[in-house]
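Examining the three-dimensional arrangement
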Amino acid sequence: MSRVPLMLMTTCLLCAVGAVQTAVHLGTGVYRSMTWTEQTREAEAENDRLRNDIQILKDAKVQLNSPQYLEQLARCWGYVGRDEAVLVAEYDPENVGANCDEYRLP
């Protein structure tokens, strides 16, 4: 009969340790779920940015093969056609190509 309280106390102690362990496992599961969700969102956002960059580069590649774009680019650098008259502005830009918009590619 003297062993019953000791056995009950040991059982209660083991139940308490099990409850703490269960709480820790639940907490780490929730933490992992939150961090994985955040990392998934970041990865999806990065994928969207990369898809956008790929589309920009594809558009630039198509545009580089366009005669109209090449003519516009040549005009930006100061070239003129054979049958065109050259006009010089009194207040010209400091460097060649300064009158054209520059687009940064990714």
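What counts, and at which threshold
Residues numbered from 1 in each chain as written. Predicted model: local features only at pLDDT ≥ 70, side-chain atom pairs only at ≥ 80, totals over all residues. Heavy atoms only, no water. Helix = DSSP H or I, 4+ residues; strand = E, 2+ residues; numbered from the N terminus. Polar contact = N/O pair within 3.5 Å; in protein donor to acceptor, adjacent residues only side chain to side chain. Patch = residues over 30% accessible without salt bridge, like charges linked within 9 Å, V, L, I, M, F, W, Y side chains within 5 Å. Areas by Shrake-Rupley, 256 points an atom, 1.4 Å probe, with all protein chains shown as cover. Salt bridge = Lys/Arg side-chain N within 4 Å of Asp/Glu carboxyl O. Buried < 20%, exposed > 50% of the residue type's maximum accessible area, 1.4 Å probe, protein only.

**Points about the side chain of Ser66**
Along the chain, Ser66 turns up in the loop between helix H1 (3-64) and helix H2 (67-76). At 2.9 Å, the side chain of Ser66 and the side chain of Gln68 are in polar contact.

**With respect to a nonpolar patch on the surface**
Taken together, Leu70, Leu73, Trp77 and Tyr79 make up a surface patch of nonpolar side chains, about 440 Å² in accessible area. Inspection of the secondary structure puts Tyr79 in the segment after H2. What makes Tyr79 exposed here is its relative accessible area of 59%.

**Considerations on the pattern of salt bridges**
Applying the stated criterion across every chain, the model contains four salt bridges. A salt bridge links Arg75 to Glu71, with the nearest nitrogen and oxygen atoms 3.3 Å apart. Separated by four residues within a single helix, Arg75 and Glu71 lie in helix H2, roughly one turn from each other. Take Arg75: its relative accessible area is 39%, and that puts it in the partly exposed class. For Glu71, a relative accessible area of 45% gives the class partly exposed. Between Glu84 and Arg75 there is a salt bridge, with the nearest N and O atoms lying 2.4 Å from each other. In this structure, a network of salt bridges that share partners links the residues Glu71, Arg75 and Glu84.

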